[in-house]
Structure formats: C-alpha cells, structure tokens
Amino acid sequence: MGFIDDKEVEAPFVGDPMDRIDGRLKVTGTATYSAEYQLPEMAHAVLIGSTVAKGRIKSMDTKQAERAPGVLAVISHLNSPKVPGHINRDHPAEPPKIGQPLRVFYDDKIYFNDQPVAVVVADTLERARYAAGLIQVKYKEEPHQTDFNQNKQKADLPTQAKRNPKSGLADYTRGKEDAYATEAIKMEAEYVQPTEVHNPMELQAVIAHWEAPDRLTLYDKTQGVKSTQKTFAEEWNIPVENVKVVATFVGGAFGNALHNWPHETAAIIAAKKVNRPVKLMLTREQMFTMVGYRPHTWQKVGMSASADGQLTGITHEAIGQTSSYEEFTESTLQQSRMMYTCPNVTTRYRILPLDISTPIWMRGPGEATGAFALESALDEMAHQLKIDPLAFRLHNLPDKDPQNGKPWSTNYLRECMEMGAERIGWQERKMQPGSNREGEWLVGFGMGAGTFGANRRGAKAYAKLQPNGTILIQSATTDIGPGTGTAMVQIAADALGVQPDKIRFELGNSAFPDSPKQGGSSTINSVGSAVRAACLELKQKLQQLAAARSGTAFSAAKPEDISIADGSITLAGNRSASITYADLLKQNQGQDIEVLTTSEPGQEREKYSMYSFSVHFAKVHVHPVTGQVLVQKVVCCADAGTIINTKTAGNQMIGGAVGGIGMALVEDAVLDHRFGRYVTKDFASYHVPVHADIPPVEVAFVNKPDMIVDPIGTKGLGEIAIIGVAPAIANAVFNATGKRIRELPITPDKLV
Amino acid sequence: MEEQKANKEGQSEQPHNDTRRDFLKQSSLLTALVLTPPTVFNAAAARLDEKVAEKFEKVPVTLEINRVKQKLSVEPRVTLLDLLREQLNLTGTKKGCDYGQCGACTVHVDGVRVNSCLTFAVMLDGKKITTIEGLAEGDELHPMQQAFIKHDGFQCGYCTPGQIMSAVACVREGHANSEAEIREYMSGNICRCGAYPNIVKAIQEVKNGGQKV
C-alpha cells in the first residue's frame, strides 16, 4: 500500500457503524476467555459451599476426598495457607464498601448459605467434582435472618451517610420535608424490586498461577485488571508489579466482576498449595450465591402535584438489602432529586443487613431500581390528574439541575421524549386503561425515563508508531461487551488521521497503562479521552521530529495536514515533504517513537451538572384471560452525547431494553427462608428473556456532543440503556389492564 | 442439600471403583514402603495408581471432530463439552450452565444441534461432530458468521458460538421462515447481553440470501 492522502481517509470515523475489530475472533470461537488459557500441569478446582446460612463449621471429613483418584489437595479453614491480607481489620482493597469482603477459608464462621467452605483440587475437572461430593461437613447452626420483610425495621443509615451528612446516601430535603403529605392532590405507594442476578453467560472463572513464590498471574473474569491487580497484591502482600492480571475477553458481567470475590482467593490459595496453575470455574448455581446480585429493595414514593400538572412534592424512600459482613450501597434515589422540577423533595436511603452474600452493582445499579418506583409513581400521578404521562413529564423538565442549581452540561431529555413518542406511535395510546384492544389482546403503551451521572475518571494510554506505519495503542481497560476496542480504534483513527485498520488497540492486561474499571458508563469518557490525548501527542511528537530533521515545511504545518503513511510521514498538498520512519527513528536517537499520556477530568464538575439521559417507550399486549404479557415493541432514545459507533451503541441500547424486559416480567431470585438458600439456581427456575420474549427494539440517539464532560463529547451509555425500561413496561401493563403492579416481576398470576 | 447430592452421585460409582482403587493403593503402598523414603513414595505411589487406574477407567471412542477422525480414550463421565474444552483445546464451544438450559455449548452431531454439556462423549462413538471451529472453510467464514459480524449479533461474544451453531441448524431444519419462527426455534440459546434482534436479522439475511448453509 502506498501513501494515504486525505481523500482516501474517510474521516471522521467516530459515528460510523463500523464492524467490531474482534468480531472475527468472536464468531470463530477463537476469542480467549479467562478459563480458556492452556497452562502446563494445570489443575482443576471445585468449590464446596456451606449448606447452612449462619453458624460455624463443626467438623469436616475430607479423608475420602483426599484419597479419591487424581486429588491433589482438599483445602479448607483447617489447612489453608495463611493469606497475609486476611487479618482482622477492614479489607483495604475495596474503598466503596464498608466492612470487609469474605475471607475465604479464614475461620469456621458461616455468613451465608453456599459460602465456600472448601476447595478440591485434582488433575481433571471430573475427578475434582467427584471428590467434592465426598466431603462431609457438619455445622453448628445458628438462627439466620434472610427474610427482608420480617427484618425491615432493622434497616439503618449506611455508615458513609453517618460519617458524612453531605454524602449522596444521607437523608436529603429540598424545600419542605415530606411536603406531599399535606397537599390536596397526592399519591402514595410502595414498590418492590426483588433480588436479580447478573448471570452473564460466561461463568465466573479464574486461572491462578504462581510463577514464583512472590509472582502471581491471574487469567480472571474481571471488569478491572488494575483494581484486581491491586486487590491481590495487597491480599498476598507482594509488590503490585508482581501481580499480572489478564482479561482480554470477558463474557459479560453487568457489574458482577467489579468486585473481587472469594472464589478468586480460593483459586490463588489452591495454586499456592499444590504449586501448579489452578483453574476454577463457578457452577451456574454458584453464580447466584458467590458473585453478587441486584439487591432486594423496598421503596415508597409520595408525590403531589397541582391540578395543572406541576409537581409540588416528592418523597422517595428506599431500603436495600446488604450482607452481614459488608455494606453495599447504591444511588437508588438520585433520579428523584434531580430529574424533574419540584420545589419540595425528600429522600431517605437505608440498608438492611441479612445473612446473604454481598450484592454488587448490576447494570444501571440503584438508578434502575429507583427509576422503577419514581417513573411508576409519575404515571400514577398523571393518571390521577387525567394528564397524558408524556405531557406531565415534559411539563416538569427542569432547565437546570434542581438539586444544586448548576446548569446542565447538556440535557436533551425533551428531544429524547419527543423522538420516542413519535416512533412508538404514542398518539394511539388511550387515556382510559383497558380500553384498547387488538383482537383478543389488551393493548397498552407506557414510558419510563432514566438518568445516570456522566462520569469521567483519570486514565492513561500508550501509543507507539511501529516501523510499518501502524500504531499500537494500549490501555488497561476491559471490554465486557460494549465494543470498547472498536470505539477506541475509531477515536484514535480520527485523532491520528489514519485508517482504522492501521491501528491496533490492546486492553485487558494489567501490564498496560493505568485505567479505571469498566463500570459506571465511564469507559469512553475516561479511556477514550486518554487514547485521543495519546494520539494527539504522538502526532505532535512526529511533527517535532520531522521538523528537526527536515525543517520548516513540517514545523509550519497544521497537525491535521500531517499524514502517517506506510513508510513515512508526509504533508498534505506537499508531496515533496516526506520523511521516512528510519530517519525519524534516527532523529529520536534510535528510541521507539512512543508516548505515555495521562488524561484527567478538570474542574467542570464544579460548574456543571453532568448526566446522560434516556427514555424508553413500550407497547405491550396483555391477555385478559391468562395474564400473559407480550412486549410488542420497544423504542429507546438516548442523550449520551457523541455516539462513537452507531452499530455497537445501538446494540448496547437493545441489550438494556432486553435486560429491562427481564427485570419487568421474569427475573426474580427466590429464597427459601427455612434454609436461607435460593431455590432459583439455574435458568429453569430463574428466568431471563429468551429470543421469543424480545420484540423489535428501535433505538434513536440525540447524538449531540457534550464537550464539557470530555473532549470527545461522550456522556456514557451502558447504564441509561436499562434505567427506565422496567417502569415503561409496568406503565404499559397498567394502560392495557388498569392493574398497577408495584412488585416486580409482573408475572401472569398478578394480572388474573 | 449438598451432602445428599454428593452421596447420590457417589453411590453409582463407589462400589466397583473404590474396591479396585483401595486394592491398588494398598498394594503399591506396601511395595513402596519397603523400597523408598516416605516423602518420595507418596508421590510415586499416587502416580502409579493413576496410570494403572486409567487403563480400567477409560473407554476407547472414535469421534470425527471438524472432519478429523480422532481415536480417544475418555472416562465415561466426561461430557462432550468438557472433552472439547479441557482435553482437545477446542474452547470455542462454551460452558454457560452445564444443565442444557442456555445453549452456549451447542454443537452439531451428525448435522443435528445438541447441547454438548448434556452429552457424554462415550455416547458418540463413530459420530461426526462439528464445532464453531469447524464451521468456516479455511479463512472463508461461513455465511452465518459473516452475517453475525455485519448485524452485530453479539456483544461479549460468549454465547455467540452456540448461537451460530444453532442458527445454522435452524436454517437447515427449515425453521427460519419468519421472524416469529426464528425467535421460537432460537429460544434455547440465551444471550444475556440481549443482542437477540440483531441475531434474528443475521439469520434472516442468511436464510433469504440463499447461500448454502
């Protein structure tokens, strides 16, 4: 290939529906997930979980298991190598949580049912699994508390809120406290979000390999290779650089790989004990008990409005479940504080510790839970006022953040609502519930809006010009499915002015420059900004070297006129100005032409209120006899700033709609309180949406850049894709039937 | 609960297994005791046990996997899924549940889609197995693979091999005549990322494109 001039480069690439850079690997089965690395002498580990929810291990008979064929070790609290980080103090590795993660095999205490109590290591998976069944554990059982409703009165303020009254988790009042209660037109209702489980298709898996007594390599399912590296360096008291974490492909996570879990430590302990690499993959049942979940949350909303549809008061209370050993919190009430104009707002958030494992943020974490209550309540209020729920919302959209008075960086929620209403055919919605039919089916339309903070964190990226004219870029981010690598290539292609196929982007390795976890819809804002900055700096460096080597033509040129071609860099409109890479390298004293760039947010958060927004519309059919709900169409509109790739971003939005349909209609992790154990432990008992449940989903983006959040103009998409979907469906079901279901999921028994 | 499950599983294997194993362990133990210092003999005895035991426990089976005939010796309890992933390094076939509920492990056996996690390898003597790795013709992707890329029929990619194997079978079976029919006949393959509408589009394109699948 020869020179690439400006005409051949079809920039900008940002915005293109480009195919994924790793698509071929994924469709040919050659993408390597964490359990799929082949290491010599690798052993297999199987975890055994407790069968009681609280108490102590009285005895453990492992003799038969130890004698079973192929078994290399059976490890429990009785013989586990000491973990330096398992000391009796708060765990240092997880600042967002208070308390401490479960110290696996530390002592005989049981905190939840199916808590790992032993691990069997054998030379094959079958042998490990067989031997695991031979272990006999006896417990001294203590009474457990797993019933949310029975313990609700024990809910308390999170420690963070007690320590800091300004914390987002603390009680909040704007205007008059509980003002709705004394208003003439008001509603009050309770809503329940049951426990939901992330259940990504890839089971949580890790391969732990002690390459030396103080050097650990983990092939791990994680959303943060750097955070995982830090966690285990601290846990094993070894230098951070001695821990290597690889997560090149992550088979979905939805938040459950944001935390490090006991099974990871168990695999590391096992590898230490048998002095071989150890692979540990959880079973689907263990995915319900060992790697977090969206917590059961009770909510109450009180709302008042004037007769002409002006909100006058919102009180929103929530109690979310946590474990007995770790405080988990989420931003369940944030949307009620800032989404709509309302002079009087009160929020109260509490957590309830139970004898169950610790929850973890699940897609659109607290916001999706909170939006179910808030957006349902708005629908109830609109119905009472006899106002169209779309008009009611449009009437109460604020032009600045009502929580802090700051201007929005951008807020195109109104545009989202307008474009969505048109696409779903909102004008066909009947104000009177139960009055719309298509054949034997009742028809309903509903809507729900969502918001999530537009977060940007510091991140680093490395960029290097290779002798063949391609550019290598690295950053220690991960890709759990949104298409991170593809987006980064598009961003880099524009910043460098080269074709995307000239760029190789690498992620998922802790050896790469520091990058935050993939969570909170912040990857493109943070890492994308770093990639862009690194590319611009690399280009600047090339220009400087070229100018130093061959003089004024390059020094006077504008950066965008410089072309990075196969063997040399050239100037647009000046074919004679060309300098080979060999010469540039000489100019650089034979050093690689590379940059390591840090990109940090500025002071913008102090001046602006920064959020992504979405609105979802649903059309449902409800069968009047069977109560079956069939979603007919979903329209999802997002104001997420610049859309980097309309194909992958559209897919991400569709995925949020699917997740929201699951939340609204089928997902429910059910505990048997006699044992404190889930009876839903697989996909037969815990339902998730399948092909047959999902109608066409139409996605529309406002696609206007927000240059305040970051220099690419993005605001984040992953969370708002699901926030507001469940209430859209619940509201559509009400519109179809006149039945208001306030406890998810909306199963047929609740409608007949 | 766990204990009960374990005992149940144990019962079927224990009687004949344990007797033989105990005998082997004891005999090698006695020999070893006489000849070697304790630390060395433990490891050696264990290894000898396994070598002898392997001869008894494994069953010969001939499988044609992705057009290559393989003579294998496998334990009867090894599933096709674990054989592919753990012994043959064919990790394109995914484990998502082990209960036949998610479809991530879908492969073709004599052209029919099956859940490889519910299929013991020893049941397949003489059968032809196609996995995702065997779908393309060299570098030329199968039309279904191309369509999945074009329509972005995946996100994380973990359920993708199973979706594609199922999708190919769905078209071959004649169950891809409408969007509704595709959705029905693909419902054994869960995609938690929720790329379902894009998967349906990919299948429709292949079905309507008339290429040989």
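Residues numbered from 1 in each chain as written. Chains lettered and ligands numbered in written order. Predicted model: local features only at pLDDT ≥ 70, side-chain atom pairs only at ≥ 80, totals over all residues. Heavy atoms only, no water.

Of regular secondary structure, chain A possesses 19 helices and 31 strands. Rg of the C-alpha trace for chain A: 27 Å, near the compact-globule value of 27 Å for 752 residues, within the 12% margin. Reported as C-alpha extents along the three principal axes, the dimensions of chain A are approximately 80 × 75 × 50 Å. Looking at the 752 residues of chain A, the share that counts as buried comes to 66%. The averaged location of the 84 negative side-chain charges in chain A is 3 Å from the averaged location of its 79 positive side-chain charges. (Helix = DSSP H or I, 4+ residues; strand = E, 2+ residues; numbered from the N terminus. Rg over C-alpha atoms; globule rule 2.2 N^0.38 Å. Buried < 20%, exposed > 50% of the residue type's maximum accessible area, 1.4 Å probe, protein only. Lys, Arg positive; Asp, Glu negative; His and termini not counted. Charge placed at Lys NZ, Arg CZ, Asp CG, Glu CD.)

With that out of the way, let us pick up the interface of chain A and chain B. Across the boundary between the two partners, chain A contributes 70 residues, which contact 69 residues of chain B. Carbon and sulfur atoms supply 52% of the area that chain A and chain B bury against each other, a total of about 6,000 Å² over both sides. Three residues stand out in chain A for area buried against chain B, namely Tyr130(A), Met201(A) and His691(A), and they jointly supply 15% of the buried area on that side. The interface formed by chain A and chain B includes nine salt bridges. Residues Glu36(A) and Lys94(B) are paired through a salt bridge, measuring 2.9 Å at the closest nitrogen-oxygen approach. Remark: the boundary between chain A and chain B carries 29 residue pairs in polar contact (both at pLDDT 80 or more). Elements with a minimum of two residues in the side of chain A that touches chain B: α1 (23-28), β1 (43-49), α2 (63-67), α3 (125-132), β7 (136-141), β13 (278-281), α8 (284-289) and α18 (646-665) of chain A. A total of seven residues in the side of chain A that touches chain B trace back to one element, the largest contributor, which is α18(A). (Contact = heavy atoms within 4.5 Å. Buried area = accessible area lost by both parts, 1.4 Å probe. Salt bridge = Lys/Arg side-chain N within 4 Å of Asp/Glu carboxyl O. Polar contact = N/O pair within 3.5 Å; in protein donor to acceptor, adjacent residues only side chain to side chain.)

Residue and element names in this part refer to chain A. By domain assignment, chain A separates into domain 1 (23-30 + 457-600), domain 2 (34-143 + 203-250 + 257-289) and domain 3 (152-195 + 294-455 + 607-750). Domain 1 and domain 3 are separated by 40 Å when their C-alpha centres are compared. Between domain 1 and domain 3, the contact holds 16 residues from the first and 17 residues from the second. Buried surface at the junction of domain 1 and domain 3, summed over both partners, amounts to about 1,200 Å²; 54% is from carbon and sulfur atoms. The three residues of domain 1 that bury the most area against domain 3 are Pro-482, Ser-521 and Asn-525, which together make up 40% of that side's buried surface. On the surface where domain 1 and domain 3 come into contact, there are zero salt bridges. Summed over the shared surface of domain 1 and domain 3, the result is eight residue pairs in polar contact (both at pLDDT 80 or more). Contributions of two or more residues to the side of domain 1 that touches domain 3 are made by α13 (484-496) and α14 (523-550). (Domains from an automatic or database assignment.)

Residue and element names in this part refer to chain A. Within the open sheet, the three strands sit side by side as β5-β2-β7. Their pairing is antiparallel. Each having just a single partner strand, β5 (109-110) and β7 make up the two edges of the open sheet. Pairing between strand β2 (residues 55-61) and β5: two bridges, direction antiparallel. In the strand pairing of β5, Gly-55 is matched with Ile-110. (Pairing = 2+ DSSP bridges.)

All chains considered together, the criterion is met by 46 salt bridges over all chains. Of the charged contacts, one joins Lys647(A) and Asp19(A) as a salt bridge, the two residues approaching to 2.4 Å between their closest N and O atoms. Of this pair, Lys647(A) sits in helix α18 while Asp19(A) is found in the segment before α1, placing the two residues 628 residues apart along the sequence. When its relative accessible area of 35% is taken as the criterion, Asp19(A) is described as partly exposed. Salt-bridge contacts for Arg183(B) lead to Glu179(B); the nearest nitrogen and oxygen are separated by 3.6 Å. You can see Arg183(B) and its partner Glu179(B) sitting in helix α6 (residues 179-185), four residues apart, about one turn around the helix. Taking the relative accessible area as the measure of exposure, Glu179(B) reaches 31% and is therefore partly exposed. Connected through salt bridges with shared partners, the residues Asp123(A), Arg127(A), Glu57(B), Glu75(B) and Arg77(B) form a single ionic network.

Attention now goes to the pairing of β1(A). Residue and element names in this part refer to chain A. Summarising burial for β1: seven of the seven residues are buried, a large majority. The alternating pattern of β1 places Ala-43, Ala-45, Leu-47 and Gly-49 on one face and His-44, Val-46 and Ile-48 on the opposite face, and all of these are buried. Bridge count between β1 and β13: three bridges; the pairing is parallel. Opposite Ala-43, over in β13, you have Val-278 as the bridge partner.

As a further point, take the sheet that holds β1(A). Residue and element names in this part refer to chain A. Judged by pairing direction, the sheet is mixed, and its seven strands sit side by side in the order β3-β6-β1-β13-β10-β11-β12 without closing on themselves. Here the strands that pair on one side only, and so sit at the sheet edges, are β3 (71-76) and β12 (243-246). Geometrically, the sheet is characterised by an average inter-axis angle of 20° between neighbouring strands, direction not taken into account. (Axes fitted to C-alpha atoms, helices over the stretch in contact; angles between N-to-C directions.)

All names here are of chain A. The biggest cluster of nonpolar side chains holds 198 residues, and the ones touching the most others in it are Met-303, Met-417 and Ile-729. Ranked by residues supplied to this core, first place goes to helix α10 (residues 365-385) with ten residues. When neighbours within four sequence positions are excluded, Met-303 is seen to be in contact with Tyr-180, Ile-185, Lys-186, Met-187, Leu-311, Gly-313, Ile-314, Leu-374, Ala-377, Leu-378 and Met-381. (Core = buried A, V, L, I, M, F, W, Y, C linked by side-chain atoms within 4.5 Å.)

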